[in-house]
Structures are given as C-alpha cells and as structure tokens.
Amino acid sequence: MNFARRAFLQFTAGAVGGTLLSPLPWKLADDSAIWSQNWSWRPSPERGHVTSVPTTCLLCDSGCGIKVHLVNGNRAIYIEGNEDHPVNKGGVCPIAAAGLQFFYAPYRIPGPLKQTKQRGDIAGFQPISWPDAINDLSGKLSSLRAEGRPQAVACIASDRRSSLDELLQRFLAAFGSPNFYKMPSHSDSTRLAAALMLGQNAPLAFSVENAATILSFGANLIEGWGSTCRMQAAYRRWQGTPGKTTRIIQVESRCSLTAAKADAWIPVAPGTEAALAMAIAHVMIKEKMIDAESISNNVFGFSDWVDATGRTRMGFRTLALAPENSPEEVAKITGVDARKIRELAKEFAAQPSALAVWGSNYGNTPDNIYHDAVFLALNVLKGNVKPGGLVGVAPHVPLAAMPDADLDPIAVAGLGRQRLDLAQSKGVPFHGSGIYGFLDAVSTGAGYPIDILMVSESNPAHSLPENSLFLNAIQKVGTLVSFSSYMDETAALSDLILPNHSMFERFDDVIGIPGAPYGYYAVAVPVQPPRLSTKHTGEVILELGKAIGGTIGAALAWESYEAYLQERVNGLAASGEGTVADQAGLDPAAISTGQVLQTNYEDGPDLWKKLTSGQPWVSAPIDPLNGIETLSGRIELAFQRLLETGGASIDEKGILPHFAPLAPSGDASQFPLLLVTYQQLNLASGFHPNPPFLNKTVFDSILKGKDILVQINPETGRSTGLKEGDAVILSTPQAEAHVRVHLTPTARPGVVYMIHGLGHKAYDEYIQDKGVNANSLIEVQMDPVTGLGTVWATRAQLRRA
Amino acid sequence: MKEDKKKGSGKGWIGGVIFFAGFIPALILGWVVFPSVLFSQKPQPMNFSHVAHQDSTCEDCHSLREDGTYTGIPDLDKCIECHESPMGSTEDERILVEDYIQQNKPIPWKAYSWQPDNVYFSHAPHKGAEMQCTTCHRDVTQETTLPAYYENRITGYSKGTMQMVDCEKCHAERNVSNECELCHK
C-alpha cells in the first residue's frame, strides 16, 4: 500500500474512532427516532387544564348523557359517556364519540348565506348579516300575511322531540299555517296503533330491561332501535350472570349484527314478520296459552262481537284461528317451517316475562299500521299490557303548557285551511301527520301552493326515504330556508341559510326517550361559546316573531330561547312529579308503575340548575290501562274507531290486526329481486353525515374506494351470474345506480341488501361521492289507513354493468 | 524490501500521528462543536425572577389541583392575581402587563422539562411518594434570572427534558413498574 492510501486509512480510522467515542452519532441516532414527535404540523390541542362539562347529546333522539372535555375551558377535545347518567351509564355510540368532528367540520356554515345565483350553485352563496337575513325572511313572511295566504308557509322539523319543535309549531300557529311536519319515524305509526288499540296517542314503551325473553321481529336492538345507549346498557344487563341471561330471538330476513349476537336467528322472507306473528298468535290461542284472565278483563274484540247496527263482527280470535294464519300456511309465506313456528309460539307463551318488539331493519320509518297492531296484539295475548307489564305507553312529560296563542283574523283564516298533507288523501280513515302526503301535494299542486318551506335540524334532500319526492316538491316552492349548521344537501339547495348553533353551542332539550316506559326529560347546555357567527334557531324564531310583530310577536314574547326553556321547566317543577336522577343507584328501569318518587328539587330555578348540570329528570311508568279512550274503554283488538272513521271502505278484517302487506310497484318479471335497506351504528344515516373517523371503520364489504357494495346470497350470485366484487347496475322502479356486489350467506336468497348513509353529494371531499344513497332507490308505500309513508322492500334487478 | 516498510507512514510514530490527526478533531467535533451547533438558544418571553417572588410559597403557583392534575407552569390567571397593574418598574413586568395581561394573551413560556404528547406523566404519584422537586427540576429558590433555554434543532426538544432512561432508572431503583402502558397510554 502506498503512503497516501495508508495515511488516508489511518486518518479515517482515527476520525471514526473519535466520532464513536463522542456523543455525535449516538445523539443523532436517538434524535432521528424522536424527530417526528415535534413536527409542527402534527395536530395537537393546546396544553392546559382539562375540565369536563356534562350535557346531553343531541345527535339523535336517544337522549344520552355525555361529558365533553375542554382544554383551558375553551376548546372541546373529547366526548365520553357520562358514567353518572342513569340511562346510558357512561356508554356512548360511535357517532357521538366522533361528535367533535361535526363541531370543527370544515363544512360548518359560518354565518347566514343568501343564494344569489341558481339554486344549488354553491359558489352563488353570499354571506349576509344576521339583521339582513332576519329582515329578508320576515319581509317575505309578512308579505304572505298581507296577501292573506299565511298557510303558504310550511316547516319540516327533525324526528327528535324537543321544545324547539314546539316553538316552531307555535310560530306557525300564531302565523296562521297548519303545515308543520316532521321527518318520519317509526313512532309515527306505533302511536297510531296505540291510539287505535289502547286509546292513547302516545309513544309505545317496552321494559326491555325486565324481559327474560325478547322475541324481536326485525328490530335492530343493538344497532340503533329505540334509544341506542339505553339498549346497549340493556344488552349488558341481558348478558347478566351465567344461568340468568335474557334470551334474544331475532326474526329477520338478514343476519344482522343483532341477529348474529342473538341466541337464535329465525330467517324470514322480508315483510312477512307480521304473518309469523299471526301464526304464533294462532298457536297460542289454539293451545290456550294466552293470558285469558287479562284478556277477559281488559280486552274488547278478542271474541266475535255485535256492533251498534246489530251486525256480528269477527273478533281477533276468529281471524287468528283461520287457516290462513295456521303455521302450515304461514310457513309458505315466511319460509319458516311450521314446526319452528309452533316451537316459537310455545316458548314465547311459556316464558314468564317474554316481550315482543318490532321494527323494520331500517327502523326509522313508519310501519304498516296493521302490522304494528299485530305485534302489539301478540303482547296483549301474552298479557304484557298491564300495570307493571312489559308493554305500555310513555308517560306525558308535564312541561309548562304554553297558553294558547292569540290569533288574529289572518291566522284564523289560515289555520282554517286544510293541512296540505290531507289535500290528496281522500278516504284515509285514520290520519297521521304526513310529510309524504305534504310533499306529494306540493309536487302535484294539489290544495294550495307553498311559498316558503323552512327545514330545521333535518336533511330531507338526502335522508328522507325516496328523497326524490322532496327534490321534486321543492321545485314548486318559492323560497327554501334551511337552519342547518352544515352545508348538507338541503342547505346546498336552499335560497336562504340561517345556520343553527351546533349541539355544543346551544341550549336544547330531549323530551322522552324512544321506547322507554319511564318519563324522561334532559337539557343540553352550551359547552363552548359559538365558534362561528351562527344563531340558535329558537332565537331566530323569536326574532322573526318580533320583526313580524302583532299577535305573532306576542305569542313568542320570550327574551331568549333559554328563558323559554326555563319557563317550560318551571311547569315541570310545578307539577311536583318525578325526580332528578342525581343519586347514584337510581335505576329508571327499576321504577315501578305509579311509584311515588321523592322530588329533589325545590322550584323551577332549582330544577333548571340540576338539569343543566347533566342529570335528567325521570318519572314513573304509568298504567296503560288507565285512561284508555277507546269506545269500549278497554284495549281494543277490534278497532271500533276505525269502523267509525272508515265506514264502508273497511272490510271484515280491516278493523283487526292482520297480515296486510303493501305490494311494491313494478313488474316482478322485470324486477325479480327485492331490495331491503338497513343501517349500522358506525354509518350515520340521519341528519348528521358519517364523520371521517367512522368512515374508517366501514368494512370493504360495504364500501370499497368510492363503490358501495350491496349484499346478496351466493345462491343469488349463481342465479344472476355474478361474482364477488362484480360491478353491476342495481335498478328499481325508482332509479338505477352503479354498485358492486358482495356475496355473503348473511343475505337471504332473492334479496339485495343495501346500507343507508352513503351517497352524499354535499359537505366536503371527505364525505361526498362515496357510494350511493339508498333513499334514491327505495320506494315508499302510503299506508291506506294512515296515509303515512312506509318502507319495507322495493322490487329490484341486478345486471352486469 | 526490508528498508521500505519503515518509510513514510509505515514508520509507527507517523501512523500514530495521522491517526490522532483524525481522532482528536473528531473528539472535539463530537464533544464541543456538535453540542453547540445542535442546540439553538431561544429567549423566554420575559425574565421571571423566583427570588423576587419569595413572598409567595411554591404551592401558591405550583400545586396539585383537586382533580389530581398539576398546574405546572401557571396560567396567566395566576399572574393577574397580583399583576393586574404593574407592581414595580422593570421592563420584564411591563412586558407582562402590557403585552400579555392587557391583551389576555397566554404567555408562551418555553418549558425546560417539556414532555411530548406521547408521554403521560402525572405529578400526583410523585408528590405522593414525597419526592423533592429538586430531584428532577433545577433549584429555583436562588434564581433571579431564568437560565438559557436550549432547543435541539433537529427534534425541537428542550435540552433539559428528561429522557425515558432517566425515568426508568429511578423507577427500577424504587421498584416501580416500568411497563410501557404506565407512561404511554
């Protein structure tokens, strides 16, 4: 080796040795490992004292208690369930867990917007000031009154029960319009079933916590039925201790998560659950396994009876025992064999506390009222409808009743006009308030035109089943006003947007928990000052009242929405009923019917203080047999009221609960399959879109890339020649869509299953253009008795794309 | 050939010199130059003299809250308790009152013991074990000026931040768990 090379090597050896014996390489290696921890672009909340504010979640109607964590009192960072809350006990659903993504969403509307170009042109929205926005709308409203057409204003509100809806209704009444509608909900039809059978127009209540056996006809018990977190807490309770668990039998066409977690899954043809229930009733009656005493004491119409004209009418017993409801005949319709039907009937009848519950897979739409009546009748046969029984009606929450608004002549004339949903429904014997009837009338021009349509806390342009009905109707509406906090599909089509505070920035309330037998009232409080220039919709209504003035202003003379809520709570306090659930160990599910609860509030302000610290007010369940307002004064299995209102158009069976499927439209040879839709807890399908956190949890078998996958059975795949992942066109009589197929044995052969919640076209890039909106493909059928829009299945066809 | 291998760097002592010509500068580079280059000095928003605040006890500003969290470097609210208007005439206090208190702006102190987001540290069990503050933190009782704050240019960390090994050593000595989940939830 020559000198230079050796010297170089010696030098290098020295340098390397020296470097290794210094901290340089070791520190650099260590630093390179922790370098990424302080990248400036890592999202990280500010440091400081973390406190939590208890409040009530408003994302759906379940009324769960949550705690919102804030840093330095001014930045919300985390949501968890409130473990002190007696109903959800610290549980929270995935949508609420991701709830802050709605609060900080880039698609939040920062202030009032006016559409200056074509409807639907996002770029055409110009920001305007709140005073200008209120003047614009109050000006339009006042002109309508001046023209003597106050009835041309309508409002669509959310399916949640809150004092905001009652304020909106009060505004419309004082203004002179009868056109107040809500987004559909199953309780729309169950209330009517309760009215027909129990003579009480109140939501049905189920003591799920106290049942030892639950026979569920399609109710997605742990995926959003009723109050989500109440059911999750009940599920934990059902797991119980070994040897003492509650048995769940899920009757459903698809093996949903609820079915998979149940003790038994009974696959049935879609829409035939009520036929199965009739067959069970048949067996129970035939084998004398019914609660004969309770039926003879409390029920009218079980046996054949004679009506006022002297005509003998068929009772439920005769209908149930008819051959068409025998297990052998029903087996042909449902696909459940007769032996199994008898087994189910005997189990249901023999169990001491067995409860029948029901709901379509989707769970958010009214059902065919005869079917609601069938399942309710099954509970009646079992003797579940009695004080302390498993089925009842929800108690009234005695909030202060507002004094009737003074009406001026314009309002009187307006309210005297027929509510628009009734304009086309000649001969509907027993009417529920119908958003579909309304949209139909607006589209076809029946009745009178609607000039101003206000939409609050709902997004019918996307989440209304058969949303094309809404999209068509608004073309005839002069001014569409949205109160949404988000640039959702409805807001994007609006002419004027008056954005509401988000749920974390406003006072609001939850009146009643869906399906719960105890009374419930909870208040949501602002946890942070408003981030943007939004305004509480309640305050907007109060300001509109002042701007229009006269009797409308007088009817809405509260200083603020908070003052209005406080007045309502004063009424609750004055009733002396119920108690605030702030003692550990108060289990609302254990409160017995009519139990006198120790009031733990002194007066209105004291009750308000307790409610605003996150604890709900609860009251005891009521006796469903008390105050029955049917003609007979008893539970009616033969609906005398229908006979009254329906008259000649009602046939022999028509006043009894019976299997009465509404035929879907379309030619079965062209559309040989059935499309049934469903929802899952990790894919929001209501007013709020699915937040990005939850999109990450959606399996590839439902959404892959931008494609939605519909589920079909491998047998259907074979018969249609389709393989896993194939791109197909799903078509129904309503519309067509490009989807892909997923083959799974959880799907029933001959049925295509599609999830709700995808196919958004608004909000932002993280939410839109993923999948297809199931609502655009499904068909809503008008129940001929109630005029409500029901959804059960739509005829469908799959062909290769 | 016997003569050749003793020429040039073949001669033992020349090789050694060349070796050390690499070795010594490398040591200097690693021990002296590297640290001074690696760390930049960042100024604090203003000076804070612990000595000037001897009227208060340590716990007046640095204490465990009721919910178990530690106040750490106190919020602006704590300063406002006394300094709503200037108490003296120093430039530092002027900065405090005019630039921060009156603008209700939180003071961006540079924390010498700053720990990253992936570390969960709670003062409560350490205070509970009756450790002295000075076991981990510098003694501030005689301090009139804040020491220089050195920030690692690569990682952004304060030079004074305790490394994981420092915590682990003490835990091991005192028989406290060194499980991952204890500090990395």
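Residues numbered from 1 in each chain as written. Chains lettered and ligands numbered in written order. Predicted model: local features only at pLDDT ≥ 70, side-chain atom pairs only at ≥ 80, totals over all residues. Heavy atoms only, no water.

**A short note on the overall build of chain A**
Looking only at helices and strands, one finds 27 helices and 33 strands in chain A. Computed over its C-alpha atoms, the radius of gyration of chain A comes to 29 Å, within 12% of the 28 Å expected for a compact globule of 801 residues. Judged by the C-alpha coordinates and their principal axes, chain A covers about 130 × 70 × 60 Å. Across the 801 residues that make up chain A, the buried fraction comes to 60%. For chain A, long-range pairs separated by at least 24 residues make up 72% of all intrachain contacts whose partners lie at least 6 apart in sequence. Surface exposure of chain A reaches about 29700 Å², of which carbon and sulfur atoms provide 54%. In chain A, 65 positive and 76 negative side-chain charges are present, and the distance between their average locations comes to 6 Å. (Helix = DSSP H or I, 4+ residues; strand = E, 2+ residues; numbered from the N terminus. Rg over C-alpha atoms; globule rule 2.2 N^0.38 Å. Buried < 20%, exposed > 50% of the residue type's maximum accessible area, 1.4 Å probe, protein only. Contact = heavy atoms within 4.5 Å. Areas by Shrake-Rupley, 256 points an atom, 1.4 Å probe, with all protein chains shown as cover. Lys, Arg positive; Asp, Glu negative; His and termini not counted. Charge placed at Lys NZ, Arg CZ, Asp CG, Glu CD.)

**Topic: the overall build of chain B**
Each helix and strand in chain B was counted, giving 7 helices and 2 strands. On C-alpha atoms alone, chain B measures out to a radius of gyration of 25 Å, which is more than a quarter above the 16 Å that the 2.2 N^0.38 rule sets for 185 residues. Taken over the C-alpha atoms alone, chain B extends approximately 90 × 45 × 30 Å along its principal axes. Only carbon and sulfur atoms are counted for the fraction: they give 58% of the accessible area of chain B, which is about 12800 Å². Separation of charge centres in chain B, based on 18 positive and 26 negative side chains, amounts to 19 Å.

**A word on the nonpolar core**
Residue and element names in this part refer to chain A. Core analysis: the biggest nonpolar cluster contains 89 residues, and Phe 217, Ile 280 and Phe 316 have the highest contact counts within it. Of the residues forming this core, the biggest block, 11 residues, is contributed by helix α10 (residues 273-286). Listed in part, the 57 residues of the second largest apolar core include Ile 435, Tyr 753, Met 754 and Ala 793. (Core = buried A, V, L, I, M, F, W, Y, C linked by side-chain atoms within 4.5 Å.)

**Some remarks on the interface of chain B and chain A**
Quite often, the size of an interface is put as the accessible area lost when its parts meet. The partner chain A presents 29 residues to the 32 residues of chain B that form the contact. Approximately 2500 Å² of surface area, both sides summed, lies buried where chain B meets chain A, with 58% of it carried by carbon and sulfur atoms. Our count for the chain B to chain A interface comes out at 2 salt bridges. In terms of residue class, the side of chain B that touches chain A is made up of 15 nonpolar, 13 polar and 4 charged. (Buried area = accessible area lost by both parts, 1.4 Å probe. Salt bridge = Lys/Arg side-chain N within 4 Å of Asp/Glu carboxyl O. Nonpolar A, V, L, I, M, F, W, Y, C, P; charged D, E, K, R; others polar.)

**Structural notes on the confidence of the model for chain B**
The predicted coordinates of low-pLDDT regions are not to be read in fine detail. For chain B, the mean per-residue pLDDT works out to 88, and 94% of the residues sit at or above 70. Confidence estimates for the predicted assembly give a pTM of 0.90 and an ipTM of 0.80. (pLDDT = per-residue confidence, 0-100.)

**A look at the packing of aromatic side chains**
Counting across every chain of the model gives 25 aromatic pairs over all chains. Between Trp 35 of chain A and Trp 39 of chain A the ring centres are 5.2 Å apart and the planes differ by 90°, which places this aromatic pair in the edge-to-face class. In textbook terms, an aromatic cluster arises when at least three aromatic residues are bridged by ring pairs, as seen for Phe 102, Tyr 107, Tyr 486, Phe 687 and Tyr 763 of chain A. Lying across the ring of Phe 175 of chain A, Arg 145 of chain A places its NZ or CZ 5.4 Å from the centre. The lysine or arginine in question, Lys 159 of chain B, covers the ring of Tyr 150 of chain B, its NZ or CZ lying 5.0 Å from the ring centre. (Phe/Tyr/Trp six-rings, centres within 6.5 Å; stacked < 30°, edge-to-face > 60°. Lys NZ or Arg CZ within 6 Å of the ring centre and 35° of its normal.)

**Describing the packing of helix α3 (residues 76-83) of chain B against helix α4 (residues 91-101) of chain B**
Residues and elements named next belong to chain B. Running from amino to carboxyl end, α3 crosses α4 at an angle of 120°, the nearest separation of the two axes being 12 Å. In terms of orientation, α3 lies oblique with respect to α4. When you trace α3 past α4, the crossing you get is left-handed. Residues Leu 76, Cys 79, Ile 80 and His 83 of α3 form the contact with α4, whose own contacting residues are Glu 93, Leu 96, Val 97, Tyr 100 and Ile 101. (Axes fitted to C-alpha atoms, helices over the stretch in contact; angles between N-to-C directions. Parallel < 35°, antiparallel > 145°, perpendicular 65-115°, else oblique. Left-handed = near helix turned anticlockwise from the far one by under 90°.)

**Focus: the side chain of Ser 216 of chain A**
All names here are of chain A. Its location among the elements puts Ser 216 in strand β9 (residues 213-217). Classification of Ser 216 as buried rests on a relative accessible area of 0%. There is a polar contact of 3.2 Å between the side chain of Ser 216 and the backbone oxygen of Ala 219. Non-local contacts of Ser 216, meaning those with residues more than four positions away in its chain, are made with Leu 221, Ile 249, Gln 250, Val 251 and Val 357. (Polar contact = N/O pair within 3.5 Å; in protein donor to acceptor, adjacent residues only side chain to side chain.)

**Observations concerning the sheet that holds strand β20 (residues 508-511) of chain A**
All names here are of chain A. As summarised here, the arrangement of the 4 strands in space is β20-β21-β23-β22, forming an open sheet in which the pairing is antiparallel. In this open sheet, the two strands that pair with only one neighbour each are β20 and β22 (579-580). In terms of strand pairing, strand β21 (residues 519-524) meets strand β23 (residues 617-619) through 3 bridges, oriented antiparallel. By the bridge assignment for β23, Gly 519 is matched with Ser 619. In the packing of helix α23 (residues 561-575) onto the sheet, contacts are made with β20, β21 and β23, and the angle to β20 comes to roughly 35°. On top of the sheet, helix α24 (residues 604-611) reaches β21, β22 and β23; it is set at about 75° to β21, its chief contact. (Pairing = 2+ DSSP bridges.)

**Some thoughts on unusual backbone geometry**
Phi is mostly negative for residues that are not glycine, and the peptide bonds are mostly trans. Residues and elements named next belong to chain B. One non-glycine residue with positive phi stands out, namely Asn 104, at about 50°. Summarising the element assignment, Asn 104 is placed in the loop between α4 and α5 (123-128). For Asn 104, a relative accessible area of 61% translates into the label exposed.

**Details of α23 of chain A**
All names here are of chain A. Its 15 residues place the ends of α23 22 Å apart at the C-alpha level, agreeing with the 21 Å of an ideal helix rising 1.5 Å per residue. Looking at the packing, one finds that the buried side of α23 touches α6 (163-175), β20, β21, α21 (537-548), α24 and β23. A positive phi of about 70° marks Gly 576, the residue just after α23. (Expected span 1.5 Å × (residues − 1).)

**So, the side chain of Thr 677 of chain A**
All names here are of chain A. Here Thr 677 shows up in strand β25 (residues 673-678). On the accessibility criterion, Thr 677 (5% relative accessible area) is buried. Looking at Thr 677, its side chain comes within polar contact range of the side chain of His 756, at 2.9 Å.

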